[in-house]
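Residues per chain are reported as follows:
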Amino acid sequence: MTAAHDSFLQPVQRSHTAGDFSREEVGLANRNSGMPLEALRHDVTPAGMHFLLIHFDVPFVRSADEWRVELSGCVRNPLSLSVAEIQKLPARTLRVTLECAGNGRANLVPRWQTQPWEYGAVGTAEWTGTPLRHLLERAGLNESAVDIALLGADRGFDAGREHDYGRSLAPALAMDDNVLVAWAMNGSPLPPQNGFPLRLVVPGWYGMASVKWLKRIEVLAESFDGYQQAGNYIYRQKRGEPGVPVSTMRVKSLMAPPGIPDWYTRHRVVEAGPVELMGRAWSGGGVPVANVAVGVDGVWSEAALDPPQGEYAWRGWRYRWDAVLGEHVLQCRATDKNGTTQPLDPPWDNVGFGNNAVHHVHVTVR
Ligand SMILES: Nc1nc2c(c(=O)[nH]1)N[C@H]1C(S)=C(S)[C@@H](COP(=O)(O)O)O[C@H]1N2
Ligand SMILES: [Mo]
């Protein structure tokens, strides 16, 4: 092993930081784009405006015809299925909000050095696919099955470990009719960056569970120990502690910024008079949003909710604000049907997972 290769196996020690972003953070932010917040106005995010999180490289797939999914392990009939065979299984279309577990981590002080999301790592798409259960039922799970690993075609290094991106689902969740092996996004084939030709969609969970470029399914007699399952995506207060696995999305809301922005600072200017503030609110695990409060300079009022768009999609909210001259801070704060409310300040996590603190928008009214 030469010195040049050592950086993969003995990775650069990263740390917490504050203030300026490192070259590596800016590089990741350019690869992994967020949804521009003005796109919150769409019920369904147009495919090119959906956020992206890609750990390694987007696999080059010339045609869906060259793709197969291998299903093996603790099953009676191991399978190798083409995309066309999977598309013959019963199909469903679900409107699903996906949020990256790291969304908001750039707002923590100090922040962990990795993809520096502010607010935009969220989007809602209509995913068409077949429930994963149809593949698993065709293969037939053995009694010994305790975990189901789902692996993508993308491979790389993280924390000195080389691996295919992979996650696992407990059998009960894998058999849920809402967990899809999807081939279409908003009625068109998946874009390469969103998983062409096949991806998993796990509604209600943070995005890491929705494995893109799905290539292999392994039914295991023990818990999956892949890095993205057993090492990463774990809430930890401090580095090295066992922690708690990241799972369903926490209740959260965002506001489409009103008025017009300054190009560089993104500071907003709004005309005095009536302004319709709007945004979206969601929670995880199929828990509905109960209400959204809008704060104007710290005074809270209830917003009106748009009709729901299904169990797993965000819900629109609206509030008429009579904007008066001066500087203002606008906020939104959702509560779900479990009675859980967004915190005012970011909850601490060592690498910034699960930041569902209220969104602030600073505006100048003229
Ligand atoms: N194969 C593979 N699947 C993946 C990822 C990845 O890097 N490789 N990233 C995951 C993460 S962390 C998120 S948040 C979502 C993002 O999905 P999107 O890029 O379609 O928005 O994909 C998930 N699935
Ligand atoms: Mo993510």
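Residues numbered from 1 in each chain as written. Chains lettered and ligands numbered in written order. Predicted model: local features only at pLDDT ≥ 70, side-chain atom pairs only at ≥ 80, totals over all residues. Heavy atoms only, no water.

**A short note on the domain arrangement of the chain**
Phase 1 of the analysis: Segmentation of the chain into domains returns domain 1 (3-245) and domain 2 (252-365).
Phase 2 of the analysis: Across the boundary between the two partners, domain 1 contributes 38 residues, which contact 26 residues of domain 2.
Phase 3 of the analysis: When domain 1 packs against domain 2, the two sides together hide about 3,100 Å² of surface, and 56% of this comes from carbon and sulfur.
Phase 4 of the analysis: Of all residues in domain 1, the largest losses of buried area upon contact with domain 2 belong to Leu40, Arg41 and Leu108, amounting jointly to 21% of the total for that side.
Phase 5 of the analysis: The tally of links between domain 1 and domain 2 comes to two salt bridges.
Phase 6 of the analysis: The salt bridge involving Asp43 is made with Arg280; its shortest N-O contact spans 2.9 Å.
Phase 7 of the analysis: Where domain 1 touches domain 2, the interface holds 20 residue pairs in polar contact (both at pLDDT 80 or more).
Phase 8 of the analysis: Mapped by element, the contributors of at least two residues to the side of domain 1 that touches domain 2 are strand S4 (92-99), strand S6 (122-131) and strand S13 (234-235). (Domains from an automatic or database assignment. Contact = heavy atoms within 4.5 Å. Buried area = accessible area lost by both parts, 1.4 Å probe. Salt bridge = Lys/Arg side-chain N within 4 Å of Asp/Glu carboxyl O. Polar contact = N/O pair within 3.5 Å; in protein donor to acceptor, adjacent residues only side chain to side chain. Helix = DSSP H or I, 4+ residues; strand = E, 2+ residues; numbered from the N terminus.)

**Considerations on empty space enclosed by the protein**
Phase 1 of the analysis: Summed over all chains, the structure comprises one cavity of 30 Å³ or more.
Phase 2 of the analysis: Of the pockets and cavities examined, the largest cavity occupies roughly 240 Å³.
Phase 3 of the analysis: Taken together, 18 residues make up the lining of the largest cavity; nearest its centre are Leu53, Arg199, Gly207, Ser210 and Lys212.
Phase 4 of the analysis: Tallied by class, residues from the lining of the largest cavity come to 10 nonpolar, five polar and three charged. (1 Å grid on protein atoms, 1.4 Å probe; cavity = no way out; pocket = protein on both sides within 12 Å on 5 of 7 lines; lining within 4 Å. Points joined across faces, edges and corners; volume = space filled by probe spheres on them. Nonpolar A, V, L, I, M, F, W, Y, C, P; charged D, E, K, R; others polar.)

**Comments concerning the sheet that holds strand S2 (residues 68-73)**
Phase 1 of the analysis: Pairing in this open sheet of five strands is mixed, and the strands run S3-S2-S12-S7-S8 from one edge to the other. Strands at the two margins of the open sheet, each flanked by one partner only, are strand S3 (79-82) and strand S8 (161-169). Each strand axis lies, on average, 25 degrees off the axis of its neighbour in the sheet, ignoring direction.
Phase 2 of the analysis: Across four bridges, S2 lies against strand S12 (residues 214-220) in parallel orientation. In the strand pairing of S12, Glu70 is matched with Arg216.
Phase 3 of the analysis: The strands touched by helix H4 (residues 132-139) within the sheet are S2, S3, strand S7 (147-158), S8 and S12, with S3 carrying the most contacts at an inclination of about 140 degrees. (Pairing = 2+ DSSP bridges. Axes fitted to C-alpha atoms, helices over the stretch in contact; angles between N-to-C directions.)

**Quick look at the site of ligand 1**
Phase 1 of the analysis: Around ligand 1 sit 19 residues in total, of which Phe51, His55, Asp154, Arg199 and Lys212 are the nearest.
Phase 2 of the analysis: A distance of 3.2 Å is found between an oxygen atom of ligand 1 and a side-chain nitrogen or oxygen belonging to His50.
Phase 3 of the analysis: For ligand 1, an oxygen atom lies 3.1 Å from a polar atom in the backbone of Leu53.
Phase 4 of the analysis: When ligand 1 sits alone it has 530 Å² of accessible area, and the protein chains cover 100% of it.
Phase 5 of the analysis: Cavity membership is defined here by more than half of the atoms lying within 2 Å of grid points; on that basis ligand 1 lies in the largest cavity.
Phase 6 of the analysis: Grouping the amino acids of the shell around ligand 1 by side-chain chemistry returns 10 nonpolar, six polar and three charged. (Near = heavy atom within 4 Å. Areas by Shrake-Rupley, 256 points an atom, 1.4 Å probe, with all protein chains shown as cover. Sits in = over half its atoms within 2 Å of the grid points.)

**Some words on the sheet that holds strand S18 (residues 273-282)**
Phase 1 of the analysis: The sheet built from four strands is open, its strands ordered S15-S18-S22-S21 with antiparallel pairing. With partners counted over all chains shown, the strands left at the sheet margins are strand S15 (252-255) and strand S21 (304-305), one partner each.
Phase 2 of the analysis: Pairing analysis gives two bridges linking S21 to strand S22 (residues 315-323), with the strands arranged antiparallel. Paired with Leu305 across the two strands is Trp317, which belongs to S22.

**Examining the packing of aromatic side chains**
Phase 1 of the analysis: Inspection of every chain in the model, using the stated rule, returns three aromatic pairs.
Phase 2 of the analysis: The interplanar angle of 85 degrees and the centroid separation of 6.0 Å between the aromatic rings of Phe51 and Trp117 together place this pair among those described as edge-to-face. Taken together, the residues Phe51 in the loop between helix H2 (23-31) and S2 and Trp117 in the loop between strand S5 (111-112) and S6 connect sequence positions 66 residues apart. There is no split in this pair, since Phe51 and Trp117 are both buried.
Phase 3 of the analysis: Stacked on the ring of Trp67, the Lys or Arg Lys215 has its end atom at 4.4 Å from the ring centre.
Phase 4 of the analysis: Cation over ring: Arg333 sits above Trp300, and NZ or CZ is 6.0 Å from the ring centre. (Phe/Tyr/Trp six-rings, centres within 6.5 Å; stacked < 30°, edge-to-face > 60°. Buried < 20%, exposed > 50% of the residue type's maximum accessible area, 1.4 Å probe, protein only. Lys NZ or Arg CZ within 6 Å of the ring centre and 35° of its normal.)

**Comments concerning the environment of Met208**
Phase 1 of the analysis: Within the secondary structure layout, Met208 lies in the loop between strand S11 (199-201) and S12.
Phase 2 of the analysis: Under the relative-accessibility criterion, Met208 is labelled buried at 5%.
Phase 3 of the analysis: Spatially, the C-alpha atoms of Met208 and Arg167 are 7.7 Å apart, while their sequence positions differ by 41 residues.
Phase 4 of the analysis: Every residue in contact with Met208, bar those within four places of it in the chain, is listed here: Ala101, Tyr165, Arg167, Tyr233, Val246 and Ser247.

**Some details on H4**
Phase 1 of the analysis: When we look at burial in H4, the residues that qualify are Leu132, His134, Leu135, Leu136 and Ala139.
Phase 2 of the analysis: Count one or two residues on from H4 and you reach Gly140, which has phi positive near 75 degrees.

**Considerations on a nonpolar patch on the surface**
Phase 1 of the analysis: A cluster of nonpolar side chains, namely Phe8, Leu9 and Phe157, defines an oily patch on the protein surface of about 250 Å² accessible area.
Phase 2 of the analysis: Looking at the secondary structure, you find Leu9 in helix H1 (residues 3-9).
Phase 3 of the analysis: Residue Leu9 is classed as partly exposed on the basis of its relative accessible area of 41%. (Patch = residues over 30% accessible without salt bridge, like charges linked within 9 Å, V, L, I, M, F, W, Y side chains within 5 Å.)

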